[in-house]
Amino acid sequence: MKNLICYTTNRHKTTKIIIQFAAGVNKRCPLYNAQVIEIKEFNKKGIPSHAHAVMSLGILRGTGLMFKQAAKQGLDRYFLDHAYFEPGYSGKGWMRLSKNRHTMNWVKESKGERWQTNFRDRVPVTPWLSNKERGSNILICPPTDAVGWYFECRDWETRAVEYVKSQIPQAHHHLIQVRRKPGGPIVDDKGNLVGKEPDPVNIQPSFNEELKNTNFVIAYNSMVALEAVRKGYPVITDIHNCCASVSFKWEDIKALHNKDLQFDIEPNRKELFYWLSDNQFTVKELKSGSAWSRALLTDPPEHVKYSEPF
């Protein structure tokens, strides 16, 4: 029997989910023994020597440091976080679950039954926009400080802006718009929450309002990329983004900016939405163990395997 260590933090809501998840594993899978441990035990003693795999929810309050250590030790990591569609703890309590990665950044053919049943009518997909229908701005959505710490990319925003500037005329640099996540978590060098990003000095338009003037979106891991894709906009993302399979390349920036007609061709959004729907789960599915059974089978193809975090 293999041991799955499920780490909780001091947050009541997320701790309850972890406990329910562990119970579901023990109910559903006789090959694994799920144990619930507080993250403070990791801070004192590290990951137990008898562990074969670890899981937790999010990367704050020590869990990110735990995932980093588990990756170094070659342990399987099961990561639970907010869902791709209809995220939040209310309603069905949808959560995404991924194995050895921050998000489901690869796709596999799906019949789309979960999308059709749960999201098709409530999460409408609008037509892909032609170059004439899109705006002119280039919207850059950097990672939060916590994600920057976790993936060791706190300079991503600076590098992204500099690269975009190198690809478009200087007279057009004003079209570059950086949108940071309001209230994004700030962490110390161990991933402990120490503060939040201040709100913008000026009133910030909503993301949907900002999209109206946008040509394409560049994002690291942000879920706003999925929202942009759903509304018909081209995106360029990092591999740690759920839209990686439909992302254009950094080398495409000049052509995107010039509104080349090749980007009027719609990427395979249906395949993406179907697959993401297959890999997010309700509280009921977490409790029953069916989500865990699914996660066990989601090893990616060889061409998208990598060690996470870098």
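In the block above lies the structure referred to throughout.
This text gives an overview of the structure that appears in the document. Remember, predicted model here, so these are calculated numbers, not experimental data.

1. Thoughts on the environment of Ser49
Within the fold, Ser49 resides in the loop between helix 2 (39-45) and strand 3 (53-57). When its relative accessible area of 80% is taken as the criterion, Ser49 is described as exposed. Along the backbone, Ser49 and Asn33 are 16 residues apart, and their C-alpha atoms lie at a distance of 14 Å.

2. Concerning the sheet that holds strand 12 (residues 280-281)
Strand order across the open sheet formed by 6 strands is 2-1-3-4-5-12, with mixed pairing between neighbours. Here the strands that pair on one side only, and so sit at the sheet edges, are strand 2 (32-38) and strand 12. In this structure, strand 4 (residues 76-82) lies alongside strand 5 (residues 95-99), joined through 5 bridges in antiparallel fashion. Among the inter-strand pairings, His82 is bridged to a residue of strand 5, identified as Met95.

3. Focus on helix 1 (residues 12-28)
The first and last C-alpha atoms of helix 1 sit 24 Å apart over 17 residues, in line with the 24 Å expected at 1.5 Å per residue. For helix 1, the full list of buried residues reads Thr14, Thr15, Ile17, Ile18, Gln20, Phe21, Ala22, Gly24 and Val25.

4. Details of unusual backbone geometry
The phi dihedral of Arg61 falls on the positive side, at around 60 degrees, and the residue is not glycine. Relative to the elements of secondary structure, Arg61 occurs in the loop between strand 3 and helix 3 (63-72). Despite not being glycine, Glu152 has its phi angle at roughly 55 degrees, a positive value. Along the chain, Glu152 falls in the loop between helix 5 (145-150) and helix 6 (156-167).

5. Observations regarding the layout of surface pockets
The calculated volume of the largest pocket comes to roughly 1,300 Å³. Those elements giving two or more residues to the lining of the largest pocket turn out to be strand 1 (2-8), helix 1, strand 3, strand 4, helix 5, strand 9 (193-196) and helix 8 (224-230). No other element matches the 4 residues that helix 8 contributes to the lining of the largest pocket. Residue composition of the lining of the largest pocket, grouped by class: 23 nonpolar, 16 polar and 11 charged.

6. Describing the packing of aromatic side chains
Considering all chains together, one arrives at 19 aromatic pairs under this definition. Both rings, one in Tyr32 and one in Trp292, keep their centres 5.0 Å apart while their planes meet at 80 degrees; by these two values the pair is edge-to-face. On the criterion of sequence distance, the pair formed by Tyr32 in strand 2 and Trp292 in helix 12 (residues 290-295) is long-range, its members being 260 residues apart. Residue Tyr32 shares its accessibility class with Trp292, and that shared class is buried. Aromatic side chains Trp156 and Tyr220 sit 5.7 Å apart centroid to centroid with 70 degrees between the ring planes, which places their arrangement in the edge-to-face category. Here Trp156, found in helix 6, pairs with Tyr220, found in the loop between strand 10 (214-219) and helix 8; they are 64 residues apart in sequence, far enough to count as distant. Each member of the pair, Trp156 as well as Tyr220, is classed as buried. Chaining the aromatic ring pairs together yields one cluster made of Trp149, Tyr150, Phe151, Trp156, Tyr163, Tyr220 and Trp250. Above the ring of Trp149, the side-chain terminus of Lys68 is found at 5.1 Å from the ring centroid.

7. A word on the nonpolar core
Membership of the largest hydrophobic core comes to 39 residues, with the highest contact counts inside it found for Tyr7, Ile47, Val54, Met66, Ile140, Val164 and Ile218. Secondary structure elements with two or more residues in this core: strand 1, helix 2, helix 3, strand 6 (137-141), helix 5, helix 6, strand 10 and helix 9 (253-257). Each residue touching Ile140, except ones within four places of it in the same chain, is listed here: Trp156, Ala160, Val161, Val164, Ile176, Gln177, Val178, Arg179 and Ile218. In terms of nonpolar packing, the next biggest core, distinct from the first, is built from 30 residues, Phe85, Met104, Phe119 and Ala228 among them.

8. Some remarks on the pairing of strand 3
With 5 of its 5 residues buried, strand 3 lies for the most part within the structure. Sheet topology note: the strand 1/strand 3 ladder contains 3 bridges and is parallel. The residue of strand 3 that forms the bridge with Cys6 is Met55. Chirality of the crossover, the property in question, places the unit of strand 3, helix 3 and strand 4 among those that are right-handed.

About the criteria used
Residues numbered from 1 in each chain as written. Predicted model: local features only at pLDDT ≥ 70, side-chain atom pairs only at ≥ 80, totals over all residues. Heavy atoms only, no water. Helix = DSSP H or I, 4+ residues; strand = E, 2+ residues; numbered from the N terminus. Buried < 20%, exposed > 50% of the residue type's maximum accessible area, 1.4 Å probe, protein only. Pairing = 2+ DSSP bridges. Expected span 1.5 Å × (residues − 1). 1 Å grid on protein atoms, 1.4 Å probe; cavity = no way out; pocket = protein on both sides within 12 Å on 5 of 7 lines; lining within 4 Å. Points joined across faces, edges and corners; volume = space filled by probe spheres on them. Nonpolar A, V, L, I, M, F, W, Y, C, P; charged D, E, K, R; others polar. Phe/Tyr/Trp six-rings, centres within 6.5 Å; stacked < 30°, edge-to-face > 60°. Lys NZ or Arg CZ within 6 Å of the ring centre and 35° of its normal. Core = buried A, V, L, I, M, F, W, Y, C linked by side-chain atoms within 4.5 Å. Contact = heavy atoms within 4.5 Å. Right-handed = clockwise from strand over helix to strand, strands pointing away.

Any link to function would need more than the numbers given here.
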